[in-house]
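Chain by chain, the residues:
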Amino acid sequence: MYLQFRDDVEAALVSALDELDLPTDDLGIEDPPEGVDAVLASSAAFRLAGEVGAPPPEVAGDIADEIDASEHELIDAASAQGPYVNFLPSDAYYEATVEEGQRADFGHLEPTGEEVVVEHTSANPTGPVHVGRARNPIVGDAVARVLAFAGHDVDRHYYVNDAGRQMAVFTWAYETFDEEDLPDPERDKADYDLVRYYRKGNEFLEAGDPDEVEEAEAEIQAIMQGLEEGDEETYERVQTVVDTVLGGMRESLDRLPAEFDEFVKETRFLRDGSADEVVSRLKELDEAVFEEEAWQLELDEFGIDKNFVFLRSDGTTLYTTRDIAHHEWKFDNYDRAITVIGEDHQLTFEQLRYALELLGHDTDQLEQVFYSWVNLPGGEGMSTREGTGIDLDDLLDEAIDRAREEVETRMDDRIRDDDLTDEDVERIAEQVGIGAVRYDIVSKQPSKAITFEWDRALDFEAQSAPYVQYVHARCCGILEEAGIDPTTSDTAVAGGFDASLLETEAERDLVEAIGRFPAVIETAAADLEPHLVATYTREFAETFNAFYRECPVLADDVDEDLRDARLALVAASKHAVGNALQVLGVAAPRSM
RNA sequence: GGGCGUGUGGCCUAGUGGACAGGGCAGGAGGUUCCUAACCUUCUGAUCGCGGGUUCGAAUCCCGUCACGCCCGCCA
């Protein structure tokens, strides 16, 4: 209803400004600060003051006077407060917002029909997913979810780098070394098992006997050539390693959960000839040069001094060359292509973008979300090859263990009288533990660097997942107590409710917070910023807790009609906070 | 050296032109016979890295400068 209210405010402002013979290109509609009794405000008077020749407060007064609130169902009044014009919502607005919030799919926007592919994670299948990379599936999954909520048709892709030198090294190492020469795996899991060969192989290439290294390099080179030429046997050898390692990695990612509609393999674009075809088209470009035996693209017209090599002197393609073919395929099948990718790939992505542009594509449909690396305290990085860093599995295990301890401690001094079964404890530990990890990562702007610290990542107090999850559990608890099953989509209060009874400030604030949710989805999706949803959940939780403190729902001295209105408000709150958590990929527990 | 990004109380963080810079952690003081205290109330604590500029108005835009991170490979 907030979105409709905004439309009303816009229409009211436009007609008022028209009436006053003032320009309508800058309405200055914004959210008023906390404590101001309005849902929207306009700061247009600041800019119009010069034109009118009167101070802003006077202009604001004129605009407010010109607005007839009765023409707009959702607006109760427009009043000047200093230089601002504040818009107060009508009873119909509160009524409609609570009504809207009764729907289980509250917050979903109208279908747009736009087909969007979100590529994320795409970590090379070299070994266990570590925390340095964990930002990618968590942010990527949230980006995909918020776009889906905003009405787009979203596919999630994991691009599998199965054609590069790394996989050739891995395949060679896997076939060369004996298991008995390797350390025990850290976990009984395919990715932990095979990464030992990869590490051993890299160690050997760096410090091994020069003659033997040369021999190995020849074998690695042969594997790369075989892949490039589409040799079936080489392909099968590499795929054995790729699929095995990837299988292990997927198990870890599923725990978050980060799920994918498709795993798109790089070799696909070698095997179907599209990478070759890209190469021949690139060669035809005016910007293409053949220097030092390799084909390159000059990109100085785009401000990039460095030439982009797209074909090696040995005739094999490079990662970015294959990625061009990959993106042409995306453009054929989707309206927009979004990639969530580490900031270290920024230059590569520029090259990709400009190469696609030179090939005649509209690169406006290409968008990226870059994220900074997660470092260890002391500035140390995380590396699969060197085996430094924290594995995602270890982080999640630790998170669940700490959450379980927390649940057990709290059970001892609970005032509630229900009993949690062992299954409940385990469920809560998983929901809270994993939720805390996801929330900690998704709530921060991706561009900011993160230093990983156990205690900070696994803090279960305010401004964390459990703080928000607890609000959801409180809503469910109240509904359940009132005989409404919170797990069904139909939480509507039997016999209806009268929203006009919700008169206190705490109730009004809560209705307004509920109303904002669809607008938060709209902005977060448009800007590809899921952390806005996390900020919203935190603010929402604070607002709900104020309501919870001041407005009893089920107490004996609460009038029946008021009780029903408050129950409807709780149901709407449950949907707002529950669906917001869903967008973040954080579980919404019904009790904790 | 060049390019990109980041810099907000002791620590973490929101806020990219508009109403007193909003939270959390840590620290001080309180609150539970009442729908779950993973909660709430309250106090302490900020020259928004620094210096200029644009503007009626700047954490936000521009210029300069410093610090940190990432990139500058016929790796991915």
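Residues numbered from 1 in each chain as written. Chains lettered and ligands numbered in written order. Predicted model: local features only at pLDDT ≥ 70, side-chain atom pairs only at ≥ 80, totals over all residues. Heavy atoms only, no water.

K.L.:
It is not clear to me how the sheet that holds strand S2 (residues 40–42) should be interpreted in this structure. Could you clarify?
P.N.:
Strand-to-strand pairing in sheets goes through backbone hydrogen bonds, with the strands running parallel or antiparallel. Across the sheet, 4 strands lie side by side as S1-S2-S4-S3; this open sheet has antiparallel pairing. One side of each edge strand has no neighbouring strand; the edge strands of this open sheet are strand S1 (29–30) and strand S3 (75–81). As defined by bridge partners, S3 adjoins strand S4 (residues 84–89) across 6 bridges and the pair is classed as antiparallel. From the neighbouring strand, Ile75 faces S4, where its bridge partner is Pro89. The strands that helix H3 (residues 56–66) touches are S3 and S4; relative to S3, the one it contacts most, it runs at about 160 degrees. (Pairing = 2+ DSSP bridges. Helix = DSSP H or I, 4+ residues; strand = E, 2+ residues; numbered from the N terminus. Contact = heavy atoms within 4.5 Å. Axes fitted to C-alpha atoms, helices over the stretch in contact; angles between N-to-C directions.)

K.L.:
What exactly am I supposed to notice about the protein's contact with RNA strand B here?
P.N.:
In the vicinity of RNA strand B there are 65 residues, among which Tyr84, Glu292, Arg410, Gln445 and Tyr470 approach most closely. Backbone sugar and phosphate groups make up 65% of those atoms of RNA strand B lying within 4 Å of the protein. At 2.8 Å from a phosphate oxygen of RNA strand B is found a side-chain nitrogen or oxygen belonging to Lys448. His531 is positioned with one of its side-chain polar atoms (N or O) 3.0 Å from a phosphate oxygen of RNA strand B. The set of elements that each furnish at least two residues to the surface near RNA strand B consists of helix H2 (44–52), S4, helix H12 (319–333), helix H13 (346–358), helix H14 (392–412), helix H15 (422–442), helix H17 (465–481) and helix H19 (531–550). (Near = heavy atom within 4 Å. Polar contact = N/O pair within 3.5 Å; in protein donor to acceptor, adjacent residues only side chain to side chain.)

K.L.:
What is the right way to look at the sheet that holds strand S6 (residues 153–160) in this model?
P.N.:
Read across the open sheet, the 5 strands follow the order S7-S6-S5-S11-S12; overall the sheet is parallel. Each edge of the sheet is formed by a strand with only one pairing partner; in this case those strands are strand S7 (262–265) and strand S12 (366–371). Between one strand axis and the next, the sheet turns through 25 degrees on average, direction left out of account. Direction of pairing for strand S5 (residues 115–119) relative to S6: parallel, over a ladder of 5 bridges. The partner of Val118 across the bridge, within S6, is Arg156. Sitting on the sheet, helix H5 (residues 131–149) touches S5, S6, strand S11 (336–342) and S12, and the angle it makes with S11 is about 155 degrees.

K.L.:
What am I meant to see in the packing of aromatic side chains here?
P.N.:
For any pair of aromatic rings, the description rests on two quantities: the centre-to-centre distance and the angle between the ring planes. By the definition in use, this model includes 25 aromatic pairs. When the centroid spacing of 5.2 Å and the interplanar angle of 50 degrees are considered together, the rings of Phe290 and Trp295 count as tilted. Assessed through its relative accessible area of 47%, Phe290 is described here as partly exposed. For Trp295, a relative accessible area of 22% corresponds to the partly exposed category. A cation over a ring is seen here: Arg271 above Tyr235, with NZ or CZ 3.5 Å from the ring centre. Geometry around Tyr94 places Arg508 over its ring, the cationic atom sitting 3.8 Å from the centre. (Phe/Tyr/Trp six-rings, centres within 6.5 Å; stacked < 30°, edge-to-face > 60°. Buried < 20%, exposed > 50% of the residue type's maximum accessible area, 1.4 Å probe, protein only. Lys NZ or Arg CZ within 6 Å of the ring centre and 35° of its normal.)

From the geometry alone we can't say anything about function, so treat these as descriptive.
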